[in-house]
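Structural overview for review
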Amino acid sequence: MSSAIKRLLHIGGSVAPPTPEQPEPELLGTLNLDSLSVPIYVASDPERTSRLLHPLDISDPTIAGHLHWITQKVLLGQDIFLLGAPGPFARRLALTFCQLLNRPFELVSLHKDTGESELKQGRELRAGGKLEYVDSGCVRAAKNGHLLVLDGIERCERGVLPILNNLLENREINLEDGTHIVSADRYDLMLKNKEDITNFIPAHRDFRVIALGTPVPPYPGFPLDPPFRSRFQVRYLDPLASSRVLAKEARSTLDGPALQLVDSTADAITAIQIAKEMRAKMSSGVTSSEDVPAFPQTSLLKLAKFLSLFPPPPHASLSTPEDLANVLLAFHPALSYIAPPLWRTLESALDGAGLGEWVTGIAECDPTRSGENGSGFWGWTLSSIVRASDSTATLSFVRAGVDAVSVVVGAGPRPFLPFPLVGSEVPTIHLTPRFIHTLTSLFQLHALKDFDISILPPTSSLQSSSSSTTLVIETFAQLLGYELETVHLVKDLGGGREMWMRRVVETGLGKGLTKGVTSWEPSPMTMGAWAGKLVHLEGIDSIGATVGSLGRLLNDREGELWEGKRMVGKMEEGDSESQILSAAHPSFRIITTATKSSPPREWLTEELAAIFVALPTIAMPLEEEKAILLATGCPPEIVDTLETFARRYRGAHGAPGSKSRRLGTASLLRMARRLAKYPAESLYDLVNRTLLSEFLPPTTKSELQALLSETKITPDPLWWNPPPEVTTKSLVFPAQSDPDKRSVDYVIPLYDMSLDPTGSSHVPFMNNYLDNSGQTALMRDIATDLEVLGEHVLLLGNQGVGKNKIVDRLLQLLKRPREFIQLHRDSTPQSLMFQTSLDGGVIRYVDSPLLRAVKHGRVIVIDETDKAAAHVVAGLASLASRGEMTLPDGRKIRPPGKFGNPTDIVVHPQFRMILLANRPGFPFLGNPFLRVLGDNFSCYAVCNPDAESEERVLSQLAPELDRELLRSLVRAFGDLRAAFEAGTLPYPFSLRELLALVRHMKRFPEDPLEQVLRNVFDFDINRPETIDALYDILRKHKLSVARIGIDAARIGSEETKKPVVIDFKPKDTSLSEPKFGKAPDGKPHTGGNTWAGGTGGRDTAGLGGRGGYMRLYTGQDISQIPDQLKEDVPDEIKNKARDMARKELAARLAEIDLTSGQASTYSAYHNDLEANEEERIWLKRQSEGELDESKLTEGLTGETSIYKRRGMEKPELGAPQLKPKRIRFIFDLSASMYRNQYDGRLTRSLEAAVMVLESFARLSRKEKYRIDLVGQSGEEAVIPLVALDALPTHAGDRYKVIQKMAVIPQYAWAGDHTIEAITKGVADCADSDADDFFVICITDANFSRITADDLRGAMEINPKVKVALLAIGEGAEAAWLPKALPGKAYRVMNTTDIATNLRAILGQMLSSAL
């Protein structure tokens, strides 16, 4: 017997320590692999052998070669690393090897949260308080000689896997229970030397490790730790060969066009991949985002299986490009979101592979058109659904000209909804061709059986109508009798284990349960797998790479559970009595959906595409959406107007990555329902409210107003709203004071307290509310949403505008019980649901105010919503839209009448949510939560009351104060708010501050106004530019304020006494030449020409005199000579003084930094951007920090990684590497800028350049941006102003840039190079190594000489570069610009708005806005 075969005798060995007397296991047979003959033995642990549903074909040469190599490595005692593309191939190869050799195995699916307990030992509390250590799969494999499979190496952080390094290298590891695994040789030596072996366990000689991973790069993930890598022998699994091998069996059943399509697609995939690899090789391994995305590993397998069930037409002439495109999208979903040039590349590859007639025109086609006739993929329609057994159904599909297809599929136990669907029997469903197409396509994909389904958004844009995803899933479940289990995924979900199971502590209340004992409960997904449910995983985009840890369940119906238990795809003979094994029900299916909070390119990875088969959806067409709106009873003319506006708005803001507020079908439906009940309401107000236009950037807001005007949606007059009146059963909002009497009373029913007997103490109480017209109208509309229309409400606004008071007052009037939660930085999804406590060793959960509100039908007010992380708020979206939420303790919130479990919490019909938040952006620094809420809330922008209402409020508060004074204060605060919106003040002054001032003036009328104002304005005492602006506004409204800021703070100190201006007529008026004069000596000097710093003098630096070249103030009273005398200065002295002033200014600018209030405000905006990017989060599974309330059970058992601490979030696995943003600014330096500078365009353009230079120079993280500034004129397309990465750091250098910009237009030839400058800018930016690319161009070009096509061609020449154009001067007169290039071209009619509009455009491009 050869030495190699002798070594193989240990395969499948027993658990006992190796000894010379160990009996040989029973021989079952011999496996011949090329030159190797491998004996197969009876497994020592049959329950842990492979039961793979889809083992690989060992007769295939590719598989045989891989298995031969793996066997060689096993014989050599080496550990193995299988490296390949994402997908099931590597795992199936490893488990096929185990299955062939009848070898027990352990599989550990790694994820980002994998920790020591998953790799070594976990802890459990048993009866009597006994602590027991439970071996992980790694330890079991080492002890028992099993093969250990580590799946997903790239998903695990590099610092975790070194835990296994010593086990891999020396077969040694120390365990938490005090025992030590040592190598078999070391253990034998200890026995021979009669050493103490009490706590030593030998590693089995047959223990081997197979690691599975993907190469990083090009795939996303964590790179290998070098010490870990060095312990393996690697085998690369060619993705092209792997894909063909997986599809081999399914391909063998095909013939004709179906076989041609599969083979030609395989050839095209090969050609695309080889070309991609060649380009990567030429660019030193860097792959390009401009390549066709790699086809998933399972794409050929899915295509072959599909065509074996649903063959294509017999000839290409009977098919359309849309049909083939739709099929390709199902098996390669990333194609849904690629640019047309890449579709042309794909078409060329498919054409070259022999599919010419099938693919001609596929690059230009619209795949959504394939569903216009209501058929599914390739024209098949579903004709019948018949129950075949308790868990199966027979589906019949038909297509003209071919035989019908019948497929047996999984089904649920509940009664089937009758099919075909009849509109009168399903009134909630609009049976349109689009809906029937989507539903039929879903049934076709369900027929594939071996793949679960991921339903994709209809477009990469967040602007679209509904695709009816939830309705399609619910209808599908009802037609097949499935129990639908919805699991709401959140970012905080553990890296995989929490998807499968949940740790619990027994309360001792159940039969046979012991109090304080720890155990595990299956998750809803695991329960669904056992029971054969349809499990809907909602929010697959929120968990990132964690979805990879589900790959084994999704592709092979297998998974590792707690304490060694295992789910398998099929049970073998004798498995029924197993305490270890459980089987996934054959009817079990998973459907995933994504939120529309992030574009698919951010989460649709190749791994996810390999796991699922995709269902591309179609956005609801205009006529279908219109029919739904009409069904509400809304007047047809209003529906027509709404749809016209929605179509135009979505088109203008539909570009991928657009930050505009989403306008979905749900929002239109909400408006239609309201207008159906109150047709006289203002559509203009409803649209603005829905889109939160009050908080849009100025450019976007002006575009919206123009669009509203063009679609005939105009504002209604504002009328006075009388205060509400409470009657016995109702809250009445009297009609507005409009003279036409179109307004009506709004009668809102009061809450019936008998529905909540304990709720009276929760009704808010306010004994002093100041009624005003604006807030009364707001309360009326909110009350209507809450009590009449059943909506949940979101209120956004600045601080101090009365959000809380309005809500509390309204709930007080309605007698509505209220619960309250205030979110903050440390809020977690768990704290939103319940609080945990430890009582006698048992963890108890106390319902949060939110759950109490859900149960009792109260209103939950959730304040400071913007302060919590976005994923904390995300769960509220499903609660608002469908009344569903999955709780961390295993329970679910579900609506009444929906199937569920006894432990579920049923939503009370009167339950409502009111969310309060500050407006987005600077200076509130909140989190971008609006995108995760979607359009599930009725939104309100809460502003300060109008001037008249504000004045009424102040008069009610302090009727004894002078009415004119109050009016002046109201107007002054109005100007202060306008200054904030314009960017000249950094703080939005609110009604709260104004009320505080008036309360002070009422109580202490003797205090001077300037001292009272200090109560509000002292915050800005060290901002001179802000104090100056405040002073100007107060003086404008004739508020008797002599001083504010530091001067007001120092009233009474002699050294800061405000100087007096004295009219002065000098005796000596002679002039010589400008000079500085003698240095100030601290004494007052008046009327001379010797000392610098004097007043009323001549020639020298000072104040109040004439003939000098600079001002200088030393604090004395100012003697001011007459203006006539000041003007009477000879030209030669004026010119000399002016020249000296310029030189002195340049010198000073070269020495000191500029201080611009406007630049300070704009830089604050960029700091806000940094603050959001640098937001810290809770890092979990830490060994120190604060106790994580979700890990109390682990804490009871003694685990150490049960803490959380604040830290910077690591990039999500799979997220692109963070690179800088590349920005080019193009300024117009043409002759027309100088010729027409009378309107201020040149000056304002220079101000905008100052803003850019100042704000970016002040950033603390300059490496985040790569910026250059160029100009263009009639002579040159690119005039360098600031080189790339060379922003001037000194004010003097910045001044030189402005000087250059000012002088070029004076000497430039007539003409314009705007188009050429943009084209060059796009090309230069695209060549940079960056994440985002921007070109911003300011031009006064005469657009009568430039066509829309020319401009569009330049701005859209490269889709990855975002271009914005600000047209000023003559350019602003081109009304067609924003229509031809919505969201890209802007008209700035007033040159004073250039800097403000530039700021807004930067905001739209760089930040997460509405």
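Residues numbered from 1 in each chain as written. Predicted model: local features only at pLDDT ≥ 70, side-chain atom pairs only at ≥ 80, totals over all residues. Heavy atoms only, no water.

**A word on the overall build of the chain**
Scanning the chain from N- to C-terminus turns up 48 helices and 51 strands. When burial is assessed residue by residue, the chain has 55% of its 1410 residues classed as buried. As presented, the chain carries roughly 58700 Å² of accessible surface, and 52% of it is formed by carbon and sulfur atoms. (Helix = DSSP H or I, 4+ residues; strand = E, 2+ residues; numbered from the N terminus. Buried < 20%, exposed > 50% of the residue type's maximum accessible area, 1.4 Å probe, protein only. Areas by Shrake-Rupley, 256 points an atom, 1.4 Å probe, with all protein chains shown as cover.)

**Some points on the sheet that holds strand S28 (residues 746–749)**
Read from one edge of the open sheet, three strands run S26-S27-S28, paired in antiparallel fashion. Only two strands of the sheet have a single partner each, and these edge strands are strand S26 (725–726) and S28. Bridge count between strand S27 (residues 730–733) and S28: four bridges; the pairing is antiparallel. The partner of Phe733 across the bridge, within S28, is Tyr746. Against the sheet, helix H26 (residues 773–788) engages S27 and S28, with an angle of about 50° to S28. (Pairing = 2+ DSSP bridges. Contact = heavy atoms within 4.5 Å. Axes fitted to C-alpha atoms, helices over the stretch in contact; angles between N-to-C directions.)

**Overview of the nonpolar core**
Core analysis: the largest hydrophobic core is formed by 112 residues, its most contacted members being Leu82 and Phe443. If we ignore the near neighbours within four places in the chain, the residues touching Leu82 are Trp69, Ile70, Ala90, Leu93, Ala94, Ile210, Ala211, Leu212, Gly213, Arg235 and Leu237. (Core = buried A, V, L, I, M, F, W, Y, C linked by side-chain atoms within 4.5 Å.)

**Describing the packing of aromatic side chains**
Under the definition given, this model contains 16 aromatic pairs. An angle of 40° between the planes, with centres 5.3 Å apart, marks the rings of Phe306 and Phe310 as tilted. A single burial state applies to Phe306 and to Phe310, both of which are buried. Their ring planes at 85° and their centres at 4.9 Å tell us that Phe310 and Phe397 sit as a pair that is edge-to-face. (Phe/Tyr/Trp six-rings, centres within 6.5 Å; stacked < 30°, edge-to-face > 60°.)

**Section: the pattern of salt bridges**
Within the structure shown, the criterion is met by 74 salt bridges. Residue Arg818 is joined to Asp808 by a salt bridge in which the shortest nitrogen-to-oxygen separation is 2.8 Å. Residue Arg818 is found in strand S30 (residues 818–822), and its partner Asp808 is found in helix H27 (residues 803–814); the two are separated by ten residues along the sequence. Note that Lys1036 and Asp975 form a salt bridge whose closest N and O atoms lie 2.9 Å from each other. With a gap of 61 residues between them, Lys1036 in helix H36 (residues 1024–1036) and Asp975 in helix H33 (residues 963–982) connect regions that are remote in the sequence. (Salt bridge = Lys/Arg side-chain N within 4 Å of Asp/Glu carboxyl O.)

**Notes on the confidence of the model for the chain**
When pLDDT is averaged across the chain, the result is 83; 87% of the residues are at 70 or more. When pLDDT is averaged over each helix and strand of the chain, the minimum, 36, is found for helix H1 (residues 3–8) and the maximum, 96, for strand S14 (residues 392–398). The model gives residues 1–22 a pLDDT under 50, and that stretch makes 50 contacts with residues more than four places away or in other chains. With pLDDT under 50 throughout, residues 1149–1175 is counted as low confidence; its partners more than four residues away or in other chains account for 70 contacts. (pLDDT = per-residue confidence, 0-100.)

**As for unusual backbone geometry**
Across the junction of Val216 and Pro217, the peptide omega takes the value -15°, indicating a cis bond. Residue Pro217 is joined to Pro218 through a cis peptide bond whose omega torsion reads 10°. Considering the arrangement of structural elements, one finds Pro218 in the loop between strand S11 (208–213) and helix H8 (226–229). The backbone phi angle of Lys449 is positive, close to 70°, even though this residue is not glycine. Among the secondary structure elements, Lys449 is positioned in the loop between helix H15 (433–446) and strand S16 (452–456). In this structure, Lys712 takes a positive phi of about 65° despite not being glycine.

**Considerations on the sheet that holds strand S12 (residues 233–237)**
The strand order across the open sheet built from five strands is S4-S7-S11-S3-S12, with neighbouring strands paired in parallel fashion. The sheet is open, and its two edges are formed by strand S4 (105–109) and S12, each paired on a single side. Averaged over all pairs of adjacent strands, the angle between their axes in this sheet comes to 20°, without regard to strand direction. Two elements, strand S3 (residues 80–84) and S11, share four bridges in a ladder whose sense is parallel. Following the sheet pairing, Phe81 is matched in S11 by Ala211. In the packing of helix H3 (residues 89–100) onto the sheet, contacts are made with S3, S4, strand S7 (147–151), S11 and S12, and the angle to S7 comes to roughly 175°.

**Quick notes on the environment of Leu95**
Along the chain, Leu95 falls in helix H3. Since its relative accessible area comes to 0%, Leu95 is described here as buried. Put simply, Leu95 and Leu107 are twelve residues apart on the chain and 9.5 Å apart in space, counted from C-alpha to C-alpha. Discounting residues that sit within four places of it in the chain, Leu95 has contacts with Ser50, Leu52, Phe105, Leu107, Val149 and Glu558.

**Things to note about the environment of Arg1138**
Position of Arg1138 among the secondary structure elements: in helix H39 (residues 1131–1151). A C-alpha to C-alpha distance of 9.1 Å links Arg1138 and Gly1108, two positions 30 residues apart in sequence.

**Looking at the packing of H33 against H36**
The interhelical angle for the contact between H33 and H36, taken along N-to-C directions, is 145°, at an axis separation of 9 Å. Judged by the sense of rotation from one axis to the other, the crossing of H33 with H36 is right-handed. In this structure, H33 uses Ala972, Asp975, Leu976 and Ala979 to contact H36, whose residues at the interface are Leu1030, Ile1033, Leu1034 and Lys1036. (Left-handed = near helix turned anticlockwise from the far one by under 90°.)

**Quick notes on the pairing of strand S50 (residues 1361–1367)**
Across the seven residues of S50, six count as buried, placing the element largely inside the fold. Pairing of strand S49 (residues 1332–1339) with S50, which is carried by seven bridges, proceeds in the parallel orientation. Paired with Ile1336 across the strands is Ala1364, a residue of S50. In this fold, the crossover linking S49 to S50 by way of helix H46 (residues 1348–1355) has right-handed handedness. Note: S50 against strand S51 (residues 1385–1387), three bridges, orientation parallel. (Right-handed = clockwise from strand over helix to strand, strands pointing away.)

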